[in-house]
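Inside the fold
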Amino acid sequence: MSVSVIILAAGMGSRMQSDMPKVLHNVAGASMLIHAMRSAEGINAEKTVIVTGHGAKHVAKAAVDYDETAQTVLQSEQNGTGHAVQQAAPVLHDFDGDVIVLYGDTPFVRSETLQAMLDEKAKGHGVVVLGFNAADPAKYGRLVTTDDGLLDAIVEFKDATDTQRAITFCNSGVICADAKLLFELLNEVKNDNASGEYYLTDVVGLARARNLTCAAIACDEAETMGVNSRVDLAAAEVAFQNTARREAMENGATLTAAETVWFAYDTVIGRDVIIEPNVVFGPDVTVETGATIRAFSHLEGCHVSKDAIVGPYARLRPGTELGNGVKVGNFVEIKAAIVDEGAKVNHLSYIGDAEVGSEANIGAGTITCNYDGVFKHKTKIGARSFIGSNTMLVAPVSVGDDAMTGSGSVITKDIPDEALGLGRARQDNKEGFALKLMNKLRAAKAAKTKE
Ligand code: UD1
Ligand code: MG
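One numbering rule holds for all chains: residues counted from 1, following each sequence as written. Both sets of labels track the order of writing: A upward for chains, 1 upward for ligands. Note on the predicted model: pLDDT of at least 70 is required for a residue's local features to be given, and 80 or more for side-chain atom pairs to be given and counted; whole-chain, interface and lining totals, by contrast, use all residues. Excluding hydrogens and water, the side-chain values take into account all heavy atoms of the structure.

1. Describing the overall build of the chain
A count of helical and extended segments in the chain gives 10 helices and 35 strands. Relative to its length of 451 residues, the chain is extended, with a C-alpha radius of gyration of 31 Å against a globular reference of 22 Å. In terms of principal-axis extent, the alpha carbons of the chain reach across some 105 × 60 × 40 Å. Looking at the chain residue by residue over its 451 residues, the buried ones come to 47%. Put simply, of all contacts in the chain between residues at least 6 apart along the chain, 43% involve residues at least 24 apart. A total of about 21900 Å² of accessible surface is found on the chain, and carbon and sulfur atoms cover 51% of it. Here Asp and Glu are counted as negative and Lys and Arg as positive; His is not counted, and neither are the chain ends. Just so you know, the charge point we use is NZ for Lys, CZ for Arg, CG for Asp and CD for Glu. Averaged over its 42 positive side-chain charges, the chain has a centre that lies 13 Å from the centre of its 58 negative ones. Per the convention used, a helix needs a DSSP run of H or I reaching at least four residues, while a strand needs a run of E reaching at least two, with both numbered from the N terminus. Atoms considered for the radius of gyration are the C-alpha atoms alone. The globule rule reads 2.2 Å times the number of residues to the power 0.38. Any residue under 20% of the maximum accessible area for its type is buried, any over 50% is exposed, and the rest in between are partly exposed; the area is computed with a 1.4 Å probe on protein chains only. Any two residues whose heavy atoms approach within 4.5 Å at even a single point are treated as in contact. In this description, accessible areas are obtained by the Shrake-Rupley approach with a 1.4 Å probe, and a residue is regarded as covered only by the protein chains that are shown.

Here you go:
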């Protein structure tokens, strides 16, 4: 049975106090929209349709940038969740299968939970709703169940009686139904309610009127956490980080001060990895078994292989590939560079747009001068080469295998294998000069104090 997902993302999110659409705000390095799209990915959604409204252009671009097959539709007026889902009808008219509706501002619904809804739906229900037992049911829609545990209706808080308001089993907003049925039912939805909106939730009552059964399955309240304000956004970040930290430790990583390590939505950490305090992971980082990430390092878009040691105070930027056992030390920045097995870049260096051969040693203060103000150029550093401290490698340039550079060199020409490249002024010692100069200066000072 195939499934498609509709993500509602048209709302303004006025409480965010932002010029940016709410769903584009980040949690763990990815917009909430992308979190929802990844949930859809996890159940192999055939089509993912994003309903845009406020900031439609930006939301649509973010969706397609993440997944070029994503489809977006515009809901120009926000007339309710039912009306929002209806906008996806033209895109799904030839789709045969189940549809799941997600919210773009509810980033943590797990694919496993969506799969459980599909499994429940496969038992023959018309509509399956994801519910949760709310600690504080506040203004959530209430799930009215029958004696045999089936779902009878969803009643919005505003429209609920006191008895219904006493129910704590609430609607998360996630709904699953057969595509054809869903759009048929939505055509019957009216807006004669307290909000004057077309409620998606009304499809439950309408399905029941057709003698179809409906069901609700429950998930953890944390999973359905929605974001409406910056305070909620911060709470969502905390929730994400706590889960990510616990998972990393459960999978065999040591986090010496777990509460100070910040993961991205997609960070992959192997077994026996040690992560020291205050490490920040941006998107797209993989750290393999046995590697150590020392304190105050910042990593994004990089791959750290087995037993490598990074930091303290290292910065790995996108396109960095560290081989097995590589060492990157303090105040080193690496970008778009492959550093082969066993190479060392231990202190105060910038390595960008480069290849560093295995077992090479990059001396303190070495810089690949990769940018001429307009273009970026490449530096190749051979295996087992020794780059003297404070070498400027003016790219494009290459240093051969087993080659060397003299400290302080400005290297502008390729260095062949096994050669020493020197590019600095020759030293000239003037005998007695230092003393003579000092005496002169001291005499000048003495004359001045006498005046
Ligand atoms: C909705 C549910 C409620 C549930 C709650 C969970 C309905 C009628 N009510 O209420 O039962 O407990 O979510 O959080 O569905 N949106 C659009 N276009 C619209 C309206 C909404 O795209 O015209 C989007 C919003 O941007 C938001 C989501 O749909 O992401 C939910 O809308 P919201 O207005 O927050 O619904 P609630 O009133 O909270
Ligand atoms: Mg809401």
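From this point on, the discussion continues.
2. Things to note about the site of ligand 1
What surrounds ligand 1 is a group of 19 residues, the closest being Gln75, Thr81, Gly141, Glu156 and Asn171. The definition of a polar contact used here is a pair of N or O atoms within 3.5 Å, where within protein one atom must be able to donate a hydrogen and the other to accept one, and adjacent residues in sequence count solely through side-chain atom pairs. Within the backbone of glycine 11, an N or O atom sits 3.0 Å from an oxygen atom of ligand 1. Between asparagine 171 and ligand 1, the recorded distance is 2.6 Å, taken from a backbone N or O atom to an oxygen atom. Burial of ligand 1 by the surrounding chains reaches 78%, relative to a free accessible area of 750 Å². For cavity detection a 1 Å grid was placed over the protein atoms alone, and a set of points counts as a cavity when a 1.4 Å probe fits there but cannot get out; an open set counts as a pocket when protein lies on both sides within 12 Å along at least five of seven lines, with lining residues being those that have an atom within 4 Å of a point. Cavities and pockets are treated as containing a molecule whenever more than half of the molecule's atoms lie within 2 Å of their grid points. Among the detected pockets, ligand 1 sits in the largest pocket. Going through the elements one at a time, strand 1 (3-9), helix 3 (81-86) and strand 10 (169-178) are the ones with two or more residues in the shell around ligand 1. Consider each residue's heavy atoms; a residue with any of them within 4 Å of a molecule or strand counts as near.

3. A look at the layout of surface pockets
Grid points are joined across faces, edges and corners, and a volume is the space filled by probe spheres set on the points. When its volume is computed, the largest pocket comes out at roughly 1500 Å³. Lining of the largest pocket is provided by 44 residues; of these, Lys22, Thr81, Tyr103, Asp105 and Asn228 occupy positions nearest its centre. Elements represented by at least two residues in the lining of the largest pocket include exactly strand 1, helix 3 and strand 10. Top contributing element to the lining of the largest pocket by residue count: strand 10, with three residues. The residue makeup of the lining of the largest pocket, split by class, is 16 nonpolar, 20 polar and eight charged. In this structure, the second largest pocket occupies an estimated 1000 Å³ of space. All amino acids are sorted into three groups, where Ala, Val, Leu, Ile, Met, Phe, Trp, Tyr, Cys and Pro are nonpolar, Asp, Glu, Lys and Arg are charged, and the leftover types, Gly among them, are polar.

4. Focus on the nonpolar core
To define a nonpolar core, start from buried Ala, Val, Leu, Ile, Met, Phe, Trp, Tyr and Cys residues and group those joined through side-chain atoms within 4.5 Å. Counting 54 residues, the largest nonpolar core has Phe281 and Val304 as the members making the most contacts within it. Going through the elements one at a time, helix 9 (230-250), strand 16 (285-287), strand 19 (302-304), strand 21 (314-316), strand 24 (332-339), strand 26 (350-356) and strand 32 (397-399) are the ones with two or more residues in this core. Leaving out residues up to four positions away in the same chain, valine 304 has contacts with Thr286, Val287, Glu288, Ala291, Ile293, Leu299, Val310, Leu316 and Leu322. With 36 residues, the next largest nonpolar core counts Ile6, Val91, Val129 and Leu200 among its residues.

5. Notes on the pairing of strand 8 (residues 142-145)
Within a regular strand, side chains alternate between the sheet's two faces. In this analysis, strands are considered paired if DSSP registers two or more bridges between them. With four bridges connecting them, strand 8 and strand 9 (residues 151-155) associate as antiparallel partners. Bridge pairing in strand 9 places leucine 143 opposite isoleucine 154. A loop of five residues connects strand 8 with strand 9, the two strands running antiparallel in sequence, and glycine 149 in this loop sits at a positive phi of about 80 degrees.

6. Some remarks on the domain arrangement of the chain
Residue ranges for the domains trace back to a domain assignment, done automatically or taken from a database. You can read the domains of the chain as domain 1 (3-224) and domain 2 (249-421). Relative to domain 2, the C-alpha centre of domain 1 lies at a distance of 45 Å. Taken residue by residue, the interface counts five residues in domain 1 and five residues in domain 2. Where domain 1 abuts domain 2, roughly 370 Å² becomes buried across the two surfaces, and 65% of that area is made up of carbon and sulfur atoms. Buried area: the accessible surface (1.4 Å probe) lost by two parts on joining, summed over both. Among the residues of domain 1 in contact with domain 2, Ala28, Gly29 and Arg38 are the three that bury the most area, contributing 75% of the side total. For salt bridges, the criterion is a side-chain nitrogen of Lys or Arg within 4 Å of an Asp or Glu carboxyl oxygen. Applying the counting rule to domain 1 against domain 2 returns zero salt bridges. At the surface where domain 1 touches domain 2, the tally comes to one residue pair in polar contact (both at pLDDT 80 or more). The residue makeup of the side of domain 1 that touches domain 2, split by class, is two nonpolar, two polar and one charged.

7. Some remarks on the packing of helix 1 (residues 32-41) against helix 2 (residues 56-66)
The axes are straight lines fitted to the C-alpha atoms, using for helices just the contacting stretch, and the angles between their N-to-C directions are given from 0 to 180°. Where helix 1 contacts helix 2, the two axes come as close as 10 Å, and the packing angle between them is 45 degrees. In terms of orientation, helix 1 lies oblique with respect to helix 2. When the axes of helix 1 and helix 2 are compared, the crossing they make is right-handed. Contact residues: helix 1 offers Leu33, Ile34, Met37, Arg38 and Glu41, while helix 2 offers Val59, Ala62, Ala63 and Tyr66. Split by residue class, the contact of helix 1 with helix 2 holds seven nonpolar, no polar and two charged. Orientation labels follow simple angle bins: below 35 degrees gives roughly parallel, above 145 gives roughly antiparallel, 65 to 115 gives roughly perpendicular, and whatever is left gives oblique. Two helices that cross are described as forming a left-handed crossing if the nearer one is turned anticlockwise from the farther one by less than a right angle, and a right-handed crossing if clockwise.

8. What about the pairing of strand 11 (residues 214-218)?
Of all five residues in strand 11, four are buried; the element is thus mostly enclosed. Bridge count for strand 7 (residues 127-133) against strand 11 is five bridges, and the pairing is parallel. Along strand 11, the bridge assignment pairs leucine 130 with isoleucine 217.

9. Comments concerning the confidence of the model for the chain
When pLDDT is averaged along the chain, the result is 97; 100% of the residues meet or exceed 70. Per-residue confidence from the predictor is given as pLDDT, running between 0 and 100. The element-level mean pLDDT for the chain is lowest in helix 10 (residues 433-450), coming to 96, with strand 22 (residues 320-322) highest at 99.

10. Observations concerning the sheet that holds strand 25 (residues 344-347)
Strand order in the open sheet formed by 10 strands is 12-14-17-20-23-25-27-30-33-35, and the pairing between neighbours is parallel. Looking at strand neighbours, the two that pair on one side only are strand 12 (254-255) and strand 35 (420-421), the edges of this open sheet. One ladder, built from two bridges, connects strand 17 (residues 292-293) with strand 20 (residues 309-310); its direction is parallel. Residue threonine 292 lies in a different strand from strand 20, and its bridge partner there is isoleucine 309.

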